[in-house]
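# Secondary and tertiary structure notes
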Amino acid sequence: TQDQKSYATSVSLPRIPLGKDNGIHKTFVILEGAPKSGTPRPGTQSILVDQKGCHYTPHAMIVPVGSKVEITNSDPILHNVHGIQGGSGVFNYAQAKQGLRETVDMTMTKPGIISLSCEAGHPWMSAFLYVTTHKYVALTDDNGEFVIKDVPPGTYTLKMWHEGVTLKQINKRLQTYEYEEPYELTQEVTVMPNAEASANFDLTLRQ
């Protein structure tokens with residue numbers, strides 16, 4: 001019911017966008033127990049989180065430790081970006097004006113998932129950062145496919161992480177949406193010298 005003068009009376013909740021053959025977009029795939037040789041260098045360009053059309057753009061991002069993360073507000077209304085990791089807030093930035101841009105303090109952030117939410121009357125807004133200490137992380141593309149390059153030979157655990165789909169509860173007092181728990185699937189994969197290894201995950205929705 002809020003900000004209908006700026007936007008429509010309804011918005012989409014793209015929690016599980018599907019591509020060719022029901023491939024799932026923007027799902028994290030992580031190589032666990034990655035070799036130390038895979039330590040990523042922070043990017044020279046900043047990683048941008050935009051608040052546009054009452055959504056965070058992009059919806060999922062890989063953030064190497066030490067990278068510069070910036071947030072901006074492209075909408076003419078108040079938004080905020082509240083980053084939560086492991087149940088605790090790690091940053092919270094409010095931007096009341098269109099065009100504001102700030103750098104997020106990531107110095108104390110640990111590796112793992114950070115979920116983003118807006119508490120300025122837009123509880124459907126969500127996005128996810130995966131902070132990583134190694135380069136062996138991928139996001140699935142529009143067809144649900146992924147590539148992790150230059151993995152040394154060995155046997156590893158490959159993990160798929162998806163945010164969860166079903167809206168379980170709307171807390172009107174706190175103006176928050178509560179979703180089901182994320183989906184996490186793992187499988188063992190063996191990488192041979194000078195060869196490719198393949199892995200397929202099948203996500204079955206909970207009943």
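The structure this text deals with has already been given above.
Structural notes, computed from the coordinates. Throughout this document, residue positions are counted from 1 along each chain, in the order its sequence is written. With pLDDT at 70 or above as the cut-off, local features in this predicted model cover only qualifying residues; side-chain atom pairs require 80 or more to be listed or tallied, and sums for whole chains, interfaces and linings still use all residues. Neither water nor hydrogens contribute to the side-chain values; these are computed over all heavy atoms in the structure.

### Details of the pattern of salt bridges
Here, a salt bridge means any Lys or Arg side-chain nitrogen found within 4 Å of an Asp or Glu carboxyl oxygen. Taken as a whole and assessed by the stated rule, the structure comprises five salt bridges. One salt bridge in this structure joins Lys159 and Glu32, with 3.5 Å as the shortest N-O distance. Of this pair, Lys159 sits in strand S12 (residues 154-162) while Glu32 sits in strand S1 (residues 28-32), and the two are 127 residues apart along the sequence. Throughout, exposure labels follow a simple rule: accessible area from a 1.4 Å probe, protein chains only, divided by the maximum for the residue type, with under 20% read as buried, over 50% as exposed, and the rest as partly exposed. Overall, Lys159 belongs to the buried group, its relative accessible area being 17%. Judged by its relative accessible area of 32%, Glu32 falls in the partly exposed class. Across the pair Arg101 and Glu70 runs a salt bridge whose closest N-O atoms are separated by 3.1 Å. Of the two residues, Arg101 is situated in strand S8 (residues 101-104) and Glu70 in strand S5 (residues 69-73); the sequence distance between them amounts to 31 residues. With relative accessibility at 48%, the residue Arg101 sits in the partly exposed group. Within the structure, one salt-bridge network assembled from shared partners comprises Glu32, Lys159 and Glu184. We count a stretch as a helix when DSSP gives it H or I for four or more residues in a row; a strand needs E for two or more, and each element gets its number in order from the N terminus.

### Quick look at the nonpolar core
Here, nonpolar core refers to any group of buried Ala, Val, Leu, Ile, Met, Phe, Trp, Tyr and Cys residues whose side-chain atoms link them within 4.5 Å. Formed by 23 residues in total, the largest nonpolar core has its most connected members in Tyr56, Phe91, Met106 and Leu116. Of all the elements in the fold, those that place two or more residues in this core are strand S2 (47-52), strand S4 (60-64), S5, strand S7 (88-95), strand S9 (112-117) and strand S10 (126-132). The element that contributes the greatest number of residues to this core is S10, accounting for three residues. Contact criterion: two residues are considered in contact whenever any of their non-hydrogen atoms come within 4.5 Å of each other. Non-local contacts of Phe91, meaning those with residues more than four positions away in its chain, are made with Val81, His82, Gly83, Val104, Met106, Ile114, Leu116 and Leu129. If you look at the next biggest cluster of nonpolar residues, it comprises 17 residues, including Tyr136, Ile148, Val165 and Val189.

### Quick word on the packing of aromatic side chains
Stacked, tilted and edge-to-face pairs are distinguished by plane angle, under 30 degrees for stacked and over 60 for edge-to-face with tilted covering the rest, among Phe, Tyr and Trp rings (Trp via its six-membered ring) whose centres lie within 6.5 Å. For the structure shown, the criterion picks out five aromatic pairs. Aromatic rings pair up to connect Phe28, Phe128, Tyr130 and Trp161 into one cluster. When the ring centre of Tyr179 is taken as origin, the NZ or CZ atom of Arg15, which lies over that ring, is 3.5 Å away. We count a charge as sitting over a ring when the NZ of a lysine or the CZ of an arginine lies within 6 Å of the ring centre and within 35 degrees of the ring normal.

### Considering the sheet that holds strand S3 (residues 55-57)
In this description, strands pair whenever DSSP reports at least two bridges between them. Read across the sheet, four strands follow the order S3-S2-S5-S8 without closing on themselves; strand pairing throughout is mixed. At either end of the open sheet lies a strand with only one pairing partner, and these are S3 and S8. Ignoring which end each strand starts from, the neighbouring axes of this sheet average 25° apart. Strand direction decides the pairing type here: S5 and S8, joined by four bridges, are antiparallel. Structural elements are reduced to axes, namely lines fitted to C-alpha atoms, with helices fitted over the stretch in contact, and the angle between N-to-C directions of any two is expressed from 0 to 180 degrees.

### Brief notes about the sheet that holds strand S15 (residues 183-191)
Taken together, the four strands give an open sheet; going across it, the order is S11-S1-S12-S15, and neighbouring strands pair in antiparallel fashion. Each of the sheet's edge strands pairs with one partner strand only, and the pair in question is strand S11 (137-139) and S15. Averaged over neighbouring strand pairs, the angle between their axes works out to 20° when direction is ignored. Sheet analysis places S1 next to S12, joined by five bridges and oriented antiparallel. Each residue of the ladder has a partner; that of Glu32, found in S12, is Thr157.

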